[in-house]
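Analysis of the macromolecular model
Residues per chain are reported as follows:
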Amino acid sequence: MKPILTAFESSPDRGKGLARDMPVRWALEEVGQPYDVRLVSFREMKEPAHRARHPFGQIPTYEEGDLALFESGAIVLHIAERHPGLLPNDANARARAITWMFAALTTVQQPIVEREAALYLEGDKPWTKERLPILEDRIRVRLGELSARLGEREWLDGDFSAGDLLMVLVLRRLESSGFLNDYPNLSAYVARAKARPAYGRAFAAQLAVFTNAQS
Ligand code: GTB
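Residues numbered from 1 in each chain as written. Predicted model: local features only at pLDDT ≥ 70, side-chain atom pairs only at ≥ 80, totals over all residues. Heavy atoms only, no water.

Looking now at the overall build of the protein chain. Of regular secondary structure, the protein chain possesses 9 helices and 4 strands. Put simply, the protein chain runs from its N terminus to its C terminus through helices and strands in the order β-α-β-α-α-β-β-α-α-α-α-α-α. Here the protein chain has a C-alpha radius of gyration of 18 Å; the compact-globule value for 215 residues is 17 Å, and the two agree. Evaluated residue by residue, the protein chain yields a buried proportion of 46% over its 215 residues. Considering only contacts within the protein chain whose residues lie at least 6 apart along the sequence, 68% involve residues at least 24 apart. For the protein chain, the accessible area works out to roughly 11200 Å², and carbon and sulfur atoms hold 54% of it. Placing the 28 positive and 29 negative side-chain charges of the protein chain at their respective mean positions leaves the two points 2 Å apart. (Helix = DSSP H or I, 4+ residues; strand = E, 2+ residues; numbered from the N terminus. Rg over C-alpha atoms; globule rule 2.2 N^0.38 Å. Buried < 20%, exposed > 50% of the residue type's maximum accessible area, 1.4 Å probe, protein only. Contact = heavy atoms within 4.5 Å. Areas by Shrake-Rupley, 256 points an atom, 1.4 Å probe, with all protein chains shown as cover. Lys, Arg positive; Asp, Glu negative; His and termini not counted. Charge placed at Lys NZ, Arg CZ, Asp CG, Glu CD.)

Here it is as structure tokens:
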């Protein structure tokens, strides 16, 4: 039975692949697991049927038989644990790859999300003008640290892993702001990941939802 993923019926990112169904799609493509997608509107996301799957009324959710999961990171970990290809077999290397998953979604993503919230939710507040440079400095600190650790490596720790998958999607949130331009090895890392065939298939699938909704 194919797992079922939920995604935006009409994504506010207009097919840029920034919504959180993208990590799940990409993980499923990396491991070669076919899947179905249930598209949901903003209204449907807040209705009891969807809230039974996702307590916060969001996407993505993931159903596999009688298992229902939410939180993109947890879903990617679930997929990576059940299929070869996204986590190393060696126990210590596996633990380090999972550490990178958490680092992406907490340490690196947090200042990026705070800046987005300041820009898009608090843009009209009097404190935002002063707060933005502080948030941007925090992002630069994290990018500098990540850049130093990545160095000339292809991936964060050995082969491509679920840690890289999540880290690259977190970094993609900065693409339109130009932050990554100051860190050539991070830009190259993101470009390398986006060149993976599985990324291409996942991106095309989410873009098709947007394109079909327009026609
Ligand atoms: N921590 C959760 C996870 O990783 O699964 C976060 C899930 C989440 O934020 N879901 C968002 C959602 O359902 C969509 S992805 N929002 C509806 C709601 O809360 O009512 C976040 C997102 C939305 C839009 C853009 N964009 O336009 O660029 C990018 C990312």
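We now examine the domain arrangement of the protein chain. Segmenting the protein chain into domains produces domain 1 (4-85 + 198-214) and domain 2 (91-196). Contact with domain 1, which involves 19 residues of that partner, is made by 16 residues of domain 2. For the pairing of domain 1 and domain 2, the buried interface totals around 1400 Å² over both sides, and the portion due to carbon and sulfur atoms is 65%. There are 1 salt bridge connecting domain 1 and domain 2. (Domains from an automatic or database assignment. Buried area = accessible area lost by both parts, 1.4 Å probe. Salt bridge = Lys/Arg side-chain N within 4 Å of Asp/Glu carboxyl O.)

With that out of the way, let us pick up the packing of aromatic side chains. Two descriptors summarise a pair of aromatic rings, namely the distance from one centre to the other and the angle between the planes of the rings. The tally for this structure, following the rule as stated, stands at 7 aromatic pairs. For the pair Trp 26 and Tyr 199, a centre-to-centre distance of 4.9 Å together with 85° between the ring planes defines the contact as edge-to-face. Linking Trp 26 in helix 1 (residues 21-31) with Tyr 199 in helix 9 (residues 197-214), this pair joins segments that are 173 residues apart in sequence. For the ring pair Trp 155 and Phe 160, a centre distance of 5.0 Å and an interplane angle of 75° mean the geometry is edge-to-face. Each of the two residues, Trp 155 as well as Phe 160, counts as buried. (Phe/Tyr/Trp six-rings, centres within 6.5 Å; stacked < 30°, edge-to-face > 60°.)

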